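Structural features, examined
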Amino acid sequence: MNNGGGVMAYSEMQAQQQAPTIEHDQNAKPKKKRVVVLGTGWAGVSFLKNLDLSLYDVQVVSPHNYFAFTPLLPSVTCGTVEPRSIVEPIRSIMKKKIGEFQYWEAECVQINAAKKEVLCRSVNNSDLVRSYRREFNLKYDYLVIALGAQANTTKTTGVMEHCHFIKEIEDAKKIRKNVIDSFERAVLPNISEEEMSKILHFVVVGGGPSGVAFAAELHDFVMEDLVKLYPMVKDHVKITLIHSNDHILNTFDQRISSFAEQKFKRDGIEVITGCHVRNVSDKEITLKEKSTKEVHSKPYGIIVWSTGVGIRPVIREFMKQINQQDNTRALVTDEWLRVKGCEDVYAIGDCATIEQRKVMEDILSIFKAADEDNSGTLTVKEFERILDDVCARYPQVDLYLKTKPMRNLFKDSKGSDKVISLEEFKVAISQADLKTKSLPSIAQVAAQQGAYLSQCFNRMEKTKDKPEGPLRFEGSGRHQFRPFRYKHFLHFVSMGTEPVTELPGDKILEGHNSRWLWHSVYAIGQVSWRTRILVISDWIRKRVSGRDTSGI
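Quick look at the structure, then. (Residues numbered from 1 in each chain as written. Predicted model: local features only at pLDDT ≥ 70, side-chain atom pairs only at ≥ 80, totals over all residues. Heavy atoms only, no water.)

It is worth spelling out the pattern of salt bridges at this point. Overall, the coordinates contain 29 salt bridges when judged by the stated rule. E224 is paired through a salt bridge with K542; the nearest N and O atoms lie 3.8 Å apart. With a gap of 318 residues between them, E224 in helix α9 (residues 209-229) and K542 in helix α18 (residues 529-545) connect regions that are remote in the sequence. You can call E224 partly exposed: its relative accessible area is 29%. Ionic contacts of the salt-bridge type, sharing partners, join the residues E82, R176, D538, R541 and D548 into one network. (Salt bridge = Lys/Arg side-chain N within 4 Å of Asp/Glu carboxyl O. Helix = DSSP H or I, 4+ residues; strand = E, 2+ residues; numbered from the N terminus. Buried < 20%, exposed > 50% of the residue type's maximum accessible area, 1.4 Å probe, protein only.)

Here's what the structure looks like:
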């Protein structure tokens, strides 16, 4: 899921000497606070779509002037869906909203928290643009960082030079062209069978959702379309999936992982688990088995690298300015999505991770708030009175209580209600913090964070208040700004013609029903009727006449 971002860092001196600063319009009345949004991916667009534009001066910076429906990128790599069918211009999305905003096609190359400004650089490399200054500064009152993440190469030698990625629309288009070019090269008259087998060996590194989806889509593309046009090379095509863990899709339910492995076995896709990639050359990929430490190499034609996400350089440089950033993989935020250690800066999507406050840090405050009669003990009714607020502030408590009902704590050996002391309460709650989990890097999370943060911004400007960190139980016992809480709905694992759906309530849906549900949700999830119609027409075209196999 890629939201766009910078790849360079400039010094303050360069910024001051070269980059003009876009200040607030002093003649504007009334003067609105400026919100600068970096990125137009899932998090950024969700924030913009739900933000009340009449309340703020909104400035958007992104190297891509469109939003891409990234869950369908694997389908684009094989021609199941066309690239233009899953992109919508950001200006088209925002023109439907009441209010004004400005968009700049540029990349953020530096964030200066002390001066509350960002240094940007135009991505347009035309001669006309080069004749002017390409850098400019944007002042902000609030900064929303939604830059996403870049491909995680794990610092493996040769990956950047020889591998493809599945992060951008351009990546998917390049993979599609190279797959078709591989078949054209393989049928040339001077190619030996050994060379043919190497050219048509497609390697996928990474057994996560993107890697599995691409391997499945590629298999369907080869079997349903390409072997009909290139029958002479059918026996030489090979797809290999390499994963460092013992099972692919290891972050999912074991049933999904087993289903995927069995499907790949039926399809003839080789799955290699428990192996690390040591290096990649222009001719072969070198692997090391974790159990035996054995090292061996495999020749390949195309390698697609899909091993998770990594932090962007501009984010890494920004983190060095902040004392409270000790995570090396993402910006750390609190439960209100504010960047820790930085005033008026928020981060959402893949570039950020939420540091959930431990319930044991506030255990005394919780006990006192629940102890209505100041008796020094708690009854079950007293605790249940504030339980909803505690679970909202500390999601780990809610998860803990699903496995160990708190009501049992207030029972004596005979099953009658009893009161408990502070020490007993501490013992009962102490294990809850072990339930704290990091959120997955998926579109659902980013979209929900963007929508939540926009609601906070809308309320902030109207109430002239900000999200509060400490636990509060005044008045009705509700928080002014409730912390972000991710709600898990459907989760799809796209596997070509056989997607798997993870439903709420620990249910798994496979087969024909899952495929129709997948089509329905992804069609409805498009950001416009234009893309919705285009995606559906692509699916119909593929079913009626097959995928396009031209090299365009």
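In terms of nonpolar packing, the biggest core is built from 95 residues, with F47, I86, F183 and F457 touching the most fellow members. The element best represented in this core is α9, accounting for nine residues. Setting aside anything within four residues of it in sequence, one finds I86 in contact with F67, A68, F69, L72, L73, V76, V81, I169, Q526 and V535. If you look at the next biggest cluster of nonpolar residues, it comprises 27 residues, including L38, I311, L331 and A352. (Core = buried A, V, L, I, M, F, W, Y, C linked by side-chain atoms within 4.5 Å. Contact = heavy atoms within 4.5 Å.)

On to the pairing of strand β3 (residues 57-62). Along β3, five of the six residues are buried, which leaves the element largely enclosed by surrounding structure. Looking at chain direction, strand β2 (residues 34-38) and β3 are connected through five bridges and run parallel. Across the sheet, residue V35 finds its bridge partner in β3, namely V58. After leaving β2, the chain enters helix α2 (residues 42-50) and then returns to the sheet as β3, a path that is right-handed. (Pairing = 2+ DSSP bridges. Right-handed = clockwise from strand over helix to strand, strands pointing away.)

This part covers the pairing of strand β16 (residues 284-289). Sheet analysis places strand β15 (residues 275-280) next to β16, joined by five bridges and oriented antiparallel. In the strand pairing of β16, H276 is matched with K288. The loop that links β15 with its antiparallel partner β16 comprises three residues. Where β16 lies against strand β17 (residues 295-299), five bridges are found, and the strand directions are antiparallel. Residue pairing in the sheet places L287 in a bridge with H296 of β17.

Shape descriptors only; they carry no functional weight alone.
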